[in-house]
Amino acid sequence: MSTFLLVHGAWHSGRCWERVVPLLEAAGHRAFAPSLTGYGDKVHLVGPEVGLDTHVDDVVRLITEENLNDVILVGHSYAGLVISSAANRIPERIAHLVYLDAMVPEDGESAADVQPAVRHLIELAETSESGWRVPPMPEQPAPLGLFGVTEPADIAWLRGMLSDQPVRCLQQPVRLDNPAVNAIPRTHIHNVGATPAGIPRRPVPATQPNGAPAQVWELPTGHDCMITMPTELSELLLRLA
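Not measured: the values here are computed from a predicted model. (Residues numbered from 1 in each chain as written. Predicted model: local features only at pLDDT ≥ 70, side-chain atom pairs only at ≥ 80, totals over all residues. Heavy atoms only, no water.)

Visitor: Would you mind going over the nonpolar core in detail, with residue names and values included?
Guide: In this structure, Trp17, Leu73, Leu233 and Leu237 are the most contacted members of the largest nonpolar core, which totals 78 residues. Other than its neighbours up to four places away in sequence, Leu237 contacts Phe4, Leu6, Val20, Leu24, Val74, Val98 and Ile189. (Core = buried A, V, L, I, M, F, W, Y, C linked by side-chain atoms within 4.5 Å. Buried < 20%, exposed > 50% of the residue type's maximum accessible area, 1.4 Å probe, protein only. Contact = heavy atoms within 4.5 Å.)

This is the structure:
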């Protein structure tokens, strides 16, 4: 039995994994899909003080309080930053890092460093009435849809779980100063369906930090593959179990 911890990206909540968790559990594994502070059942905790470090604390706290070990830690999108810093804090509890269409940072980088398009969102938030709220990306015409989701029923379901992102999440740097984190194997899953213009993907180095060859898999769908291709995503994750 393996333990999966699925970490949602910006604006989403743990509900986005509802189609994946049962598939992992049906295969005999444990799966956790919490909502980070400021989202889902924790949306009432949102505020300008919530940042990347808050979300790293969320993940580390869950792992330690549940006494989880050999965790397959999956980060979608923005959560690539979250899982990186969390693994830096408790590398001895992490068996594998999965970057799911995710930002992949170096030590000291923020979301704006990894994905320069984020800087525009930061500027909009800082000049808005609140000074810190980043609203969800708007729906676009097909085939882009809402985070790559195009089915009307799925769009309605997804829209119901989205909430504003605190700008501090996009500004705080990742910490990767623990050499032990480099030993953790990594897998990158890229969603290669319709991709919005102006959002380039960082190339994956041919060699992982632990010296093994890079492992990159692809899904022919949009950004929110846990909604559009949950079965195919689960099959890939189960290959790591």
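Still more to cover.
Visitor: So what's going on with the environment of Ile227? Which residues, and what values?
Guide: Here Ile227 lies in helix H7 (residues 225-228). Spatially, the C-alpha atom of Ile227 lies 21 Å from that of Ile199, the residues being 28 residues apart in sequence. Not counting residues within four places of it along the chain, the set of residues in contact with Ile227 comprises Cys16, Arg19, Val149, Asp154, Trp157 and Leu158. (Helix = DSSP H or I, 4+ residues; strand = E, 2+ residues; numbered from the N terminus.)

Visitor: An account of the pairing of strand S8 (residues 216-219) is requested, with residue identities and associated values reported.
Guide: Burial of the side chains of S8 is restricted to one face: Trp217 and Leu219 are buried, whereas none of Val216 and Glu218 on the reverse face is. Where strand S7 (residues 186-191) and S8 come together, four bridges link them in parallel fashion. Looking at S8, one finds that His188 is bridged to Val216. (Pairing = 2+ DSSP bridges.)

Visitor: Break down helix H2 (residues 52-65) for me, citing the residues and quoting the values.
Guide: Under the 1.5 Å per step criterion, the end-to-end length of H2 is 20 Å for 14 residues, consistent within 8% with the ideal 20 Å. Every buried residue belonging to H2 is among Leu52, His55, Val56, Asp58, Val59, Val60, Leu62 and Ile63, and all of these are buried. Residues of H2 that are buried in the fold lie against strand S1 (3-7), strand S2 (30-32), strand S3 (71-76), helix H3 (79-89) and strand S4 (94-100). In the segment just after H2, Asn67 is the residue with positive phi, at about 55 degrees. (Expected span 1.5 Å × (residues − 1).)

Visitor: Explain the packing of H2 against H3 to me, using residue names and the numbers behind them.
Guide: Where H2 contacts H3, the two axes come as close as 9 Å, and the packing angle between them is 60 degrees. Of the possible angle classes, the one that applies to H2 and H3 is oblique. By crossing handedness, the relation of H2 to H3 is classed as right-handed. Contacts from Leu52, His55, Val56, Asp57, Val59 and Val60 of H2 reach H3 at Leu81, Val82, Ser85, Ala86 and Arg89. (Axes fitted to C-alpha atoms, helices over the stretch in contact; angles between N-to-C directions. Parallel < 35°, antiparallel > 145°, perpendicular 65-115°, else oblique. Left-handed = near helix turned anticlockwise from the far one by under 90°.)

Visitor: Explain the layout of surface pockets to me, and be specific about the residues and the numbers.
Guide: Any empty space left between atoms is shown by rolling a water-sized probe over those atoms. Of the volumes computed, that of the largest pocket is approximately 920 Å³. As for the largest pocket, its lining consists of 41 residues, and the residues nearest its centre are Ser77, Asp101, Gln115, Ile199 and His223. Looking at the lining of the largest pocket, the elements that each hand over two or more residues are helix H5 (118-126) and S7. It is S7 that provides the largest number of residues to the lining of the largest pocket, a total of three residues. The calculated volume of the second largest pocket comes to roughly 300 Å³. Lining of the second largest pocket is provided by 17 residues; of these, Val104, Pro105, Glu106, Arg186 and Pro205 occupy positions nearest its centre. Residues that form the lining of the second largest pocket fall into these classes: nine nonpolar, four polar and four charged. (1 Å grid on protein atoms, 1.4 Å probe; cavity = no way out; pocket = protein on both sides within 12 Å on 5 of 7 lines; lining within 4 Å. Points joined across faces, edges and corners; volume = space filled by probe spheres on them. Nonpolar A, V, L, I, M, F, W, Y, C, P; charged D, E, K, R; others polar.)

Visitor: Can you explain the environment of Met1? Please cite residues and give values.
Guide: With respect to the element layout, Met1 can be found in the segment before S1. C-alpha of Met1 to C-alpha of Gly28: the two residues are 27 residues apart in sequence and 6.1 Å apart in space. Dropping the residues within four chain positions of it, Met1 is found in contact with Gly28, His29 and Arg30.

Visitor: A description of unusual backbone geometry should follow, citing residues and the corresponding values.
Guide: Residue Pro143 is reached from Ala142 by a cis peptide bond, and omega for that bond is 15 degrees. Tracing the chain through its elements places Pro143 in the loop between strand S5 (133-134) and helix H6 (152-159). The phi dihedral of Asp101 is positive, around 45 degrees, even though this residue is not glycine. The backbone phi angle of Phe147 is positive, close to 55 degrees, even though this residue is not glycine.

Visitor: Any details on the environment of Ala214? Residues and values, ideally.
Guide: Relative to the assigned elements, Ala214 resides in the loop between S7 and S8. It is 21 Å that separates the C-alpha atoms of Ala214 and Asn178, two residues lying 36 residues apart in sequence. In this structure Ala214 touches Val204, Pro205, Ala206, Thr207 and Gln208, once residues within four positions along its chain are discounted.

Visitor: Give a description of the side chain of Asp224 that names residues and reports values.
Guide: Inspection of the secondary structure puts Asp224 in the loop between S8 and H7. Buried charge Asp224 goes without a salt bridge, the closest partner of opposite sign being Arg19 at 9.8 Å. A distance of 2.6 Å separates the side chain of Asp224 from the side chain of His12, its partner in a polar contact. Not counting the four nearest positions on each side in its chain, Asp224 is found in contact with His12, His76, Phe147, Val149 and Leu158. (Lys, Arg positive; Asp, Glu negative; His and termini not counted. Salt bridge = Lys/Arg side-chain N within 4 Å of Asp/Glu carboxyl O. Polar contact = N/O pair within 3.5 Å; in protein donor to acceptor, adjacent residues only side chain to side chain.)

Note that every value here comes from positions in space, so none of it alone points to a role or purpose.
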